[in-house]
Amino acid sequence: MQIQLKQLCLQYDCEGRKSDVLQDIDLQIGRGEFIGIMGRTGCGKTSLVQLMAGLLTPTSGQVLIDGEDINSRHYDKTILRGKLGYVFQYPEYQLFETTVYRDVAFALKYSKLSKKEVEARVRQALEDMGFDFAAIREESPLALSGGEKRRVAIAGVLAAQPEILILDEPIAGLDPQARDAFLKLLKKLHAQGTTILMISHNADALADCAHRLIVINDGKKALDGTVEEVFSHEEVLSQMHLDVSFASRMSKKLALPHSVTYEAFVQNLKAKLGGDAQ
Amino acid sequence: MIQAQNVGFAYETDEGLRRVLHEVTLSIQSGEMIAVLGQNGCGKSTFARLCNALLPMQEGKLTVAGFDTSDKKMTFELRRVCGMVFQNPDNQFVSSVVQEEVAFGPENYEVPRQDIGAIVKAALHQVALDGFEHRAPYTLSGGQKQRLAIAGVLALSPKVIIFDEATAMLDPMCRREVLAMMKKLQAQGHTIVMITHYVEEAVLADRVALMQDGKILAFGTAREILCDKEKMDAAKLLMPHAARVYYDLLAEGITLPMCPLTEEELLEAICRFN
């Protein structure tokens, strides 16, 4: 197992009262999995991934990455920083350099890569995020539009080529074309072996690319299974203020075989209507 | 309520001028709910920011609620009648207590102190945050925070409220909360402009403006725009799921009786097909 959470608990001090953010979370995540994480606002999903990234310290319990307890006094966190990339919820706030190039290259500054290798990585990351490298490299990242900033910030994380990629609501604010291109890129990274954990409210996007869904509700793990399994609990999810994908919802209403992706749903619908027409 | 004529705008960058708006002309009636759709960087937010003079006018003429947005003497008044709600409410909050947050606007506009209490109470009531007066904004949920941001805008009795991707970060339930709030405000006579990437939200609008590369590509009813494959393709946007199903079936020789805009209409169309 690449990531293991054991009896993980987190408490915050909120206006003098202790409040449980996460309670007794046990999770095992294998190398190369693509996991979607869902939950209503304030359920603790961001805290969960921040614990995995070593950005928060648990109140009790353990986070093991490749078998090592990352909160142990003897653990060297630079190892974790080298293998884990984290795209924050508003990644555009991470931008600070004078040019897009310098911003994306920042994470590679202290790596042992040559100048040429750095440039190749920056170019690749920016092109992967849908930019024309030559046109964008000298722009000020702060002069870009909201969605463009977000894509530059994500490129900065991708340039470091992390083994584990954690993304907190990365596709909100991207236009449909940028969103589709980004999901394709995530699928490509996944096919190349990257472990991906993505928080999203977008059930259609999760159905499209994740293989496993973890649903957090009220600080506890509520559901954990394949996308098909989790979306078959439409009523349970609705009580947690969550939606299933368009395909899942419609296939139920039309009494079609359960499908979670748009493509599979349209196939099933064609078969049904085409059959009826004949 | 909003009249734009040949509005143009370019940002200054080290590389020279970066043009983001090009001869934008459109007219929005009082009490309408308008959705603005378009790709990242197409000029949606720039246009919104010109509407309440967060950006200075460069070319053309833009009037909002009767105020000329290039008239610097009226900027203060303009911002009162044209409120904005942004994607991340945390960026908008200035106070550590909910009621002070809502009072911030009226205080700046020198509303008599004895009136402010009633204004704050009414604004919080309108967004269903009664009883939250003494809470800290950061303890609220995402949907509640966004509603608080709306209350802050309402306290100034604006005529126009612009929502710049105000639902992007919310979970489905909170999003429905904010959308219901927009509808309610429209029913009370406010003119609503929402910038969004969710076509399913644009369905709720009376009219939809499609933007591309700083221009208005099309402006019409939600159905005229969102079910028009050519226009949506040209703007590089996806149609709502229901309309996509219609066209994907059409390509296979299956013609539903109508092009549906919503899931309910899709169900109905499929029922009628059978």
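What counts, and at which threshold
- Residues numbered from 1 in each chain as written.
- Chains lettered and ligands numbered in written order.
- Predicted model: local features only at pLDDT ≥ 70, side-chain atom pairs only at ≥ 80, totals over all residues.
- Heavy atoms only, no water.
- Contact = heavy atoms within 4.5 Å.
- Salt bridge = Lys/Arg side-chain N within 4 Å of Asp/Glu carboxyl O.
- Polar contact = N/O pair within 3.5 Å; in protein donor to acceptor, adjacent residues only side chain to side chain.
- Helix = DSSP H or I, 4+ residues; strand = E, 2+ residues; numbered from the N terminus.
- Nonpolar A, V, L, I, M, F, W, Y, C, P; charged D, E, K, R; others polar.
- Core = buried A, V, L, I, M, F, W, Y, C linked by side-chain atoms within 4.5 Å.
- Buried < 20%, exposed > 50% of the residue type's maximum accessible area, 1.4 Å probe, protein only.
- Phe/Tyr/Trp six-rings, centres within 6.5 Å; stacked < 30°, edge-to-face > 60°.
- Lys NZ or Arg CZ within 6 Å of the ring centre and 35° of its normal.

J.: Any chance you could break down the interface of chain A and chain B for me, citing the residues and the numbers?
T.: Taken together, the 46 residues of chain A in the interface contact 42 residues of chain B. Our count for the chain A to chain B interface comes out at 4 salt bridges. We note a salt bridge from R18 of chain B to E148 of chain A, for which the minimum N-O separation is 3.1 Å. The interface formed by chain A and chain B holds 12 residue pairs in polar contact (both at pLDDT 80 or more) in total. Counting residues per element, the ones that place at least two in the side of chain A that touches chain B are α6 (146-158), α7 (176-191), α11 (246-253) and α12 (262-277) of chain A. With 10 residues, the top contributor of residues to the side of chain A that touches chain B is α12 of chain A. Its residues assigned to classes, the side of chain A that touches chain B comprises 19 nonpolar, 9 polar and 18 charged.

J.: Please give an account of the nonpolar core that cites residues and values.
T.: Judged by nonpolar contacts, the single largest core of 76 residues is most densely connected at F265 of chain A together with F163 and L226 of chain B. For F163 of chain B, the contacting residues outside a window of four places in its chain are V85, I150, M182, L185, I192, V193, M194 and I195 of chain B.

J.: Which residues make up the packing of aromatic side chains, and what values do they have?
T.: Under the definition given, this model contains 9 aromatic pairs over all chains. Taking 5.5 Å as the distance between ring centres and 20 degrees as the angle between the ring planes, the aromatic pair formed by Y90 of chain A and Y93 of chain A counts as stacked. On the basis of relative accessible area, Y90 of chain A is assigned to the buried category, the value being 15%. With a relative accessible area of 48%, Y93 of chain A lands in the partly exposed category. Ring centres of F76 of chain B and Y109 of chain B lie 4.1 Å apart, and the angle between their planes is 20 degrees; this geometry places the pair in the stacked category. Of the two residues, F76 of chain B is situated in helix α2 (residues 75-81) and Y109 of chain B in the loop between α3 (98-108) and α4 (113-126); the sequence distance between them amounts to 33 residues. Residue F76 of chain B is classed as partly exposed on the basis of its relative accessible area, which comes to 47%. When its relative accessible area of 14% is taken as the criterion, Y109 of chain B is described as buried. Through pairs of rings, three or more aromatic residues link up here, namely F246, Y262 and F265 of chain A. The ring of Y101 of chain A carries R137 of chain A above its face, with NZ or CZ at 4.6 Å from the centroid. The ring centre of F131 of chain A lies 4.4 Å from the NZ or CZ of R151 of chain A, which sits over that ring.

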